[in-house]
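So the chains spell out like this:
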Amino acid sequence: MANNEDKLKKIVAHAKEYGFVFQSSEIYDGLAAAYDYGQYGVELKNNIKNYWWRSMVQFHENIVGLDAAIFMHPTTWKASGHVDAFNDPMIDNKDSKKRYRADVLVEDYLLKVEAKIKKEVTKAAKRFGDSFDEEQFLNTNPRVLANKAKMEDIKKRLYSAMEDERLSDIKALIEDLAIVCPVSGSRNWTDVGQFNLMFSTEMGSLSESAGKIYLRPETAQGIFVNYLNVQKTGRMKIPFGIAQIGKAFRNEIVARQFIFRMREFEQMEMQFFVRPGEELKWFEYWKEQRLKWHLGMGIPESEYRFHEHDKLAHYANAAFDIEFNFPMGFKELEGIHSRTDFDLKSHMEHSGKKIMYFDPELNESYVPYVVETSIGLDRTFLAVLTYAFTEEKLEDGSERVVMKIPPFLAPVKAAVLPLVKKDGLPEKAMGIFDILKKDFMCFYEEKDSIGKRYRRQDAIGTPYCITVDHQTAEDNTVTLRERDSMKQERVDIAKLPEIIAKKLK
Ligand code: ATP
């Protein structure tokens, strides 16, 4: 655990030092759970967006894009259920004055019980050696069985209390489990209350009748309310999808763990409209497609895990998360949800507009069913940083930090570096920069020793460094250094665009 927390701390520090992510409003001591993306962060973020957009919109003849406004008519959020039900149960500790999500306190407790089970397994594996059968142990050891039963019982109590909004039962559960505040160590809790996660503001000047509106807590509703517009103007035939990337806002009770849980974040969502009855087939299809997308970044499959929801939202008939092995452990990165016809039907009722599809093959009209894929851009960014961050000991005893960012996502593709600041080398290097910049994000630097400049490029994940030296003037060749292997080779300037392009494929 300590090591993993350490890794997160290192990533946060590195992200700041090298211009990936800054705390928002840092000069005023920061604003909690809001972050700014710096000069390299914005490049990486744009590259991830682009990868998602291309794989969704460009690669599917039946998916189109959308960019809806963040402000939406307030009835949208009544129809979607967010005004009434987008709540988290919160509880305060009277001694520390800290606020917690009541369900998260219980879930953290469950993690501790799970850790106990894991400890038993590790101990037994040591004791029994090669003859150890984990499966059998898990199914027969009395202590493990007791802990498993305890977990099941707690989950049942928590989820049914959450489902029926029995807040006093959630508090009773916290008391029965003797959960203490991690800060004060006391059990002096307030009652559990509901806390709506939507930010609200007012639209219109004071002289007009001011209307309360919300900052959207998800991008999906912008897609639903435009379903008819897009379907009609795009002459879309079911099955088809609408994809959108944009900001979402949630007043998270506990916002921590860097860009994993923010109050302002970005989502990449796609709603796929299908015939009723065919949604589970498409649900399976999108589960597979989305995992492929993640693996397409070159991150190994062992870093991902599927998690089937124990508790389905009232509108869903299947839901599934793709979890990533973040420094804090496996946590949700993307959700794939079969949302039935809940949203379109509800908008139809609230707006009085007929939101239906006439299916020429079936010769009937229906409200389409929806399969949604919803991924957090910032969490994907953190996943890439987590995977890429590498501390290496080199043969000569020195150390380097290298960001092994998949080359096609790297903020800078090539750095052009004149060996010295004289003898016409800077001019020659600038000439190469001017050629390459038309196709690739490049970087030019002449200050400091070449070794230091290489290290800085390693730290931001630049796949190639191109060094211009005295020989360049004679034969138009440069030294090309590759980030991961640190191998250097002499290549023709004319070949550079092709070599770099190949690396980014
Ligand atoms: P969680 O359980 O972690 O709060 P969620 O189930 O509420 O997440 P969804 O509503 O399914 O999340 O949102 C889809 C995706 O948006 C998530 O998989 C996640 O990647 C991202 N996301 C949600 N909330 C946040 C947040 N506060 N900060 C950053 N990303 C978020």
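First, a word on scope: everything that follows refers to the structure included in this document.

Definitions and limits used
Along each chain, numbering runs from 1 in the same order as the chain's sequence is written. Only residues with pLDDT of at least 70 are given local features in this predicted model, and only at 80 or more are side-chain atom pairs given and counted; all residues enter the totals for whole chains, interfaces and linings. Remark: hydrogens and water are excluded; side-chain values derive from all non-hydrogen atoms of the structure. At least two bridges found by DSSP between two strands is the condition for calling them paired. Secondary structure counts use DSSP, requiring at least four H or I residues in a row for a helix and at least two E residues in a row for a strand, with both numbered from the N terminus. Orientation is described by axes fitted as lines to C-alpha atoms, over the contacting stretch for helices, and by angles from 0 to 180 degrees between their N-to-C directions. For this analysis, residues touch if any pair of their heavy atoms sits within 4.5 Å. Whenever a carboxyl oxygen of Asp or Glu lies within 4 Å of a side-chain nitrogen of Lys or Arg, that contact is scored as a salt bridge. Buried means the residue's accessible area, taken with a 1.4 Å probe over protein chains only, is under 20% of the maximum for its type, while exposed means over 50%, and partly exposed covers the values in between.

## Things to note about the sheet that holds strand β20 (residues 442–444)
Spatial strand order, β20-β19-β21-β22-β23: five strands in an open sheet with mixed pairing. Looking at which strands have only one partner, the edges of the open sheet turn out to be β20 and β23 (488–492). Geometrically, the sheet is characterised by an average inter-axis angle of 25° between neighbouring strands, direction not taken into account. Pairing between strand β19 (residues 414–418) and β20: three bridges, direction parallel. Paired with Ala414 across the two strands is Cys442, which belongs to β20. On top of the sheet, helix α17 (residues 496–504) reaches β19, β21 (464–468), β22 (477–482) and β23; it is set at about 165° to β21, its chief contact.

## Here we look at the pattern of salt bridges
Inspection of every chain in the model, using the stated rule, returns 41 salt bridges. For Asp176, the salt bridge goes to Arg157, with nearest N and O atoms at 2.9 Å. Taken together, the residues span a long stretch of sequence, with Asp176 in helix α8 (residues 167–176) and Arg157 in helix α7 (residues 142–163) at a distance of 19 residues. Classification of Asp176 by relative accessible area gives exposed; the value is 52%. The salt bridge partner of Glu278 is Lys281, with a shortest N-O separation of 3.8 Å. Taken together, the salt bridges that share partners define one network made up of Glu392, Arg400, Lys404, Arg455, Asp458 and Arg481.

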